[in-house]
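# Understanding the architecture of this molecule
As a plain string of letters, each chain reads:
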Amino acid sequence: KAIRGVTTDQAGMASAARATVAHPSESCKSLMSKIENKEAVVGVMGLGYVGLPLVATFHAAGFRALGFDTSEDKVRALEKGESYLDHLRDSEGLFQHLASSPSFAAT
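In this numbering scheme, every chain counts its residues from 1 along its sequence in written order. For a predicted model such as this one, the threshold for reporting local features is a pLDDT of at least 70, and the threshold for listing and counting side-chain atom pairs is 80 or more; totals across whole chains, interfaces and linings nevertheless cover every residue. Derived side-chain values reflect all non-hydrogen atoms in the structure, with water molecules and hydrogen atoms excluded from consideration.

### Re the sheet that holds strand β3 (residues 104-106)
- Strand pairing follows a simple DSSP-based rule, namely that at least 2 bridges must link the two strands. Where helices and strands are cited, they refer to DSSP runs of H or I of at least four residues and of E of at least two residues respectively, numbered from the N terminus. Across the sheet, three strands lie side by side as β1-β2-β3; this open sheet has parallel pairing. For this open sheet the edge positions go to β1 (41-45) and β3, each flanked by a neighbour on one side alone. In this sheet, adjacent strand axes meet at a mean angle of 15° when their direction is disregarded.
- In this structure, strand β2 (residues 64-68) lies alongside β3, joined through three bridges in parallel fashion. Counted as the bridge partner of glycine 67 is alanine 106 from β3. To obtain each axis, a line is fitted to C-alpha atoms, and for helices this fit is confined to the stretch in contact; angles are then taken between N-to-C directions over 0 to 180 degrees.

### Concerning the packing of aromatic side chains
- Here a pair means two rings of Phe, Tyr or Trp (six-membered ring of Trp) with centres within 6.5 Å. Their orientation is stacked below 30 degrees between planes, edge-to-face above 60, and tilted elsewhere. Taken as a whole and judged by the stated rule, the model has two aromatic pairs.
- On the numbers, 5.7 Å between centres and 70° between planes, the contact of tyrosine 84 with phenylalanine 95 is edge-to-face. Here tyrosine 84, found in the loop between α4 (72-80) and α5 (94-100), pairs with phenylalanine 95, found in helix α5; they are eleven residues apart in sequence, far enough to count as distant. Phenylalanine 95 shares its class with tyrosine 84; the two are buried. Think of it in three bands: residues with accessible area under 20% of the maximum for their type are buried, residues over 50% are exposed, and the middle band is partly exposed, with areas taken using a 1.4 Å probe on protein chains only.

### A few points about the pairing of β2
- Going residue by residue along β2, you find Ala65 and Gly67 tucked away on one face and Arg64, Leu66 and Phe68 left uncovered on the opposite face.
- Regarding topology, helix α3 (residues 51-60) serves as the crossover connection from β1 to the parallel β2, and that connection is right-handed. Seen with its strands pointing away from the viewer, a crossover is right-handed when the path leading from the first strand over the helix to the second is clockwise.

### Side note on α3
- Among the residues of α3, Gly51, Leu52, Val55, Ala56 and His59 are the ones counted as buried. What you see down the axis of α3 is that its buried residues fit within an arc of 130°, all on one side. Along α3, exposed side chains directed more than 90 degrees from the buried face belong to Thr57 and Ala60.
- In this structure, the buried residues of α3 make contact with β1, β2, α4, α5 and β3.
- With its phi angle positive at about 105°, glycine 62 sits one or two positions after the end of α3. Of all possible arcs, the one meant is that of the directions from the helix axis to the C-beta atoms. Here a residue-residue contact requires only that any non-hydrogen atoms of the pair lie within 4.5 Å.

By themselves, these observations are geometric and do not establish any function.
Put into structure tokens, the structure is as follows:
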């Protein structure tokens, strides 16, 4: 069935996506189970103004969290529990909490 403004390829991808949700693969079921049971490991690329709060949110929700950044200074600061973001300087111990947690690592 043609949808105005949608190409055949887009319609086919949408159909495949609906089929996947209706009948998830075993690997999809496994991932969904790990997320529901907080057994999934979450990785966030970039530990700046967006990435650090994001990885901290996943960590606070009970997931093991890994933060990746190309800045060695940011990684060292996180390992020491030191703030490197001006708007998060008074963040109720966020940096200390992450540094002391066995379920968080920055690299």
